[in-house]
Amino acid sequence: MDDHSTFDPSQDPQVRRIFRKLAFISGPPDGDTQVAPLFPGFRFDLRLVAGITPIERDGALDFFIDRPDGMKGWIINLTVDGVGQVFDGAATFTVKPGDLLLFPPDVRHYYGRAAEADKWWHRWIYFQPRAFWRPWLEWERQSDGVFLLRDSGELQFSDMFRLFTEVEKWSVLDDNLSMDLAFNRLEQILLSCARADRALRSTTTVVDDRILAACTLITENLHKPLGVKEVAEHVCLSPSRLSHLFRKYVGTGVVQWRDAQRVQYAMQILRITNMPIKALSQVVGYDDPLYFSRVFRKHTNLSPRAFRERSMEAAALVQDREKEAPPPAVPPVGDA
Ligand code: FCB
């Protein structure tokens, strides 16, 4: 990325707000959706949480984030200022402004400010990906399961920074379409990264058109009982050839992928409507609500009801936060 030298992250109003809050607390604050996720113990069990962690030498956030078993969802991380260190011992590497990290689920997280730097500010997005994003969630460079994207002339730092900020902005708003907008920006980030990664690779994998057609058929007919046989007929392949090619390009089986799509759709409906679970299960293609709940739980570790409750609690927290009186103006971060 080439334009980070002209960009000044210290002007970010969100960071100023975070510093202001940190100045008044000694540990993780209860119920503050902006600062609580920056401390250990926060439960990241929603579909998407985004933020910025401005680590300053000897500040309240100056510790290593240490999650030996990783997380349930994915994380994408953009260094915006200073230098970060990932891992320790022989696996150690550092990241600087413009570098991107991608942590798949269950991969060890161990990162913090590099000892030689005064700060490490990074933006991050925790997410449960849409199933069709799978082919983009793999970059060529990796270390101990963590993907790294750097030195890409393709990506503009200011574009990436703006997209990360927008994901956070939309993800905390409480109207029906905001989460979709957050997902839309995240999709742009992941697509841009996949494109940049591809340009860095010597060979390019092009997804077979018949597999793309199969994906389109499934996503446009989530409510219908489409199985491998029906999809295979539609794209003129035998069921076993379809299964083979699907796994090769998408990374999962056809039915698994269809179920993941249905669950994503169900999550969206649960968040924004009061539709009874029985009716919902039919809308997303399951005649048997108990079976639907089992599939849903397999993908999210929550029942549909619990997921709806969690989403409502999160939305209520956001509303409370918006009701808070705006904090008084403070000088820029550097002057504190
Ligand atoms: C915060 C970290 C950030 C990211 C999110 C999920 O506490 O500061 O790097 O790991 O958690």
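1. Some words on the sheet that holds strand β2 (residues 65-67)
No. 1: Spatial strand order, β2-β7-β4-β5: four strands in an open sheet with antiparallel pairing. Whereas interior strands pair on both sides, the edge strands pair on one side only; in this sheet they are β2 and β5 (93-95). The mean angle between the axes of side-by-side strands here comes to 20°, regardless of whether they run parallel or antiparallel.
No. 2: Of the pairings in the sheet, the one linking β2 to strand β7 (residues 109-113) comprises three bridges and is antiparallel in character. By the bridge assignment for β7, Asp66 is matched with Tyr110.

2. Observations regarding the sheet that holds strand β10 (residues 146-149)
No. 1: Ordered in space as β1-β8-β3-β6-β10-β9, the six strands form an open sheet in which the pairing is antiparallel. In this open sheet, the two edge strands, each paired with only one partner strand, are β1 (48-56) and β9 (142-143).
No. 2: Pairing between β9 and β10: two bridges, direction antiparallel. Within the sheet, the bridge partner assigned to Ser143 lies in β10 and is Val146.

3. With respect to the packing of helix α7 (residues 254-272) against helix α9 (residues 289-300)
No. 1: Axis separation between α7 and α9 bottoms out at 10 Å; the angle between their running directions is 95°. Relative to α9, α7 is oriented roughly perpendicular. Contacts between α7 and α9 involve Gln256, Asp259, Ala260, Val263, Ala266, Met267 and Leu270 on the former and, on the latter, Phe292, Val295, Phe296, His299 and Thr300.
No. 2: Taken together, the residues of the contact of α7 with α9 sort by class into eight nonpolar, three polar and one charged.

4. Remarks on the packing of helix α2 (residues 157-171) against helix α3 (residues 178-200)
No. 1: As a packed pair, α2 and α3 sit with axes 7 Å apart at the nearest point and diverge in direction by 155°. It follows that α2 is roughly antiparallel to α3 by the angle criterion. Viewed along their axes, α2 and α3 form a crossing whose handedness is left-handed. On the side of α2, the interface is formed by Met160, Leu163, Phe164, Glu166, Val167, Trp170 and Ser171, while α3 contributes Ser178, Met179, Leu181, Ala182, Arg185, Leu186, Gln188, Ile189, Ser192 and Cys193.
No. 2: Grouping the constituent residues of the contact of α2 with α3 by class yields 11 nonpolar, four polar and two charged.

5. Examining the domain arrangement of the protein chain
No. 1: Under the domain assignment used here, the protein chain contains domain 1 (12-203) and domain 2 (209-320).
No. 2: On the side of domain 2, 19 residues touch domain 1, which itself brings 19 residues to the contact.
No. 3: Summing the contributions of domain 1 and of domain 2, the shared interface buries around 1,700 Å²; its carbon and sulfur component is 54%.
No. 4: Its largest share of buried area at the contact with domain 2, domain 1 owes to Arg47, Ala131 and Asp174, together 30% of the area lost on that side.
No. 5: At the junction of domain 1 and domain 2, the tally comes to four residue pairs in polar contact (both at pLDDT 80 or more).
No. 6: Grouping the amino acids of the side of domain 1 that touches domain 2 by side-chain chemistry returns seven nonpolar, four polar and eight charged.

6. As for the site of the ligand
No. 1: Neighbouring the ligand are the residues Pro37, Leu38, Phe44, Thr53, Ile65, Arg67, Met71, Ile75, Tyr111, His122 and Trp124.
No. 2: In the environment of the ligand, an oxygen atom lies 2.9 Å from a nitrogen or oxygen atom belonging to the side chain of Arg67.
No. 3: Relative to its unbound accessible area of 290 Å², the ligand is 99% covered by the protein chains.
No. 4: When residues of the shell around the ligand are traced back to their parent elements, those giving at least two are β2 and β8 (119-127).
No. 5: For the shell around the ligand, a count of residues per class yields eight nonpolar, two polar and one charged.

So, how was this worked out
Residues numbered from 1 in each chain as written. Predicted model: local features only at pLDDT ≥ 70, side-chain atom pairs only at ≥ 80, totals over all residues. Heavy atoms only, no water. Pairing = 2+ DSSP bridges. Helix = DSSP H or I, 4+ residues; strand = E, 2+ residues; numbered from the N terminus. Axes fitted to C-alpha atoms, helices over the stretch in contact; angles between N-to-C directions. Parallel < 35°, antiparallel > 145°, perpendicular 65-115°, else oblique. Contact = heavy atoms within 4.5 Å. Nonpolar A, V, L, I, M, F, W, Y, C, P; charged D, E, K, R; others polar. Left-handed = near helix turned anticlockwise from the far one by under 90°. Domains from an automatic or database assignment. Buried area = accessible area lost by both parts, 1.4 Å probe. Polar contact = N/O pair within 3.5 Å; in protein donor to acceptor, adjacent residues only side chain to side chain. Near = heavy atom within 4 Å. Areas by Shrake-Rupley, 256 points an atom, 1.4 Å probe, with all protein chains shown as cover.

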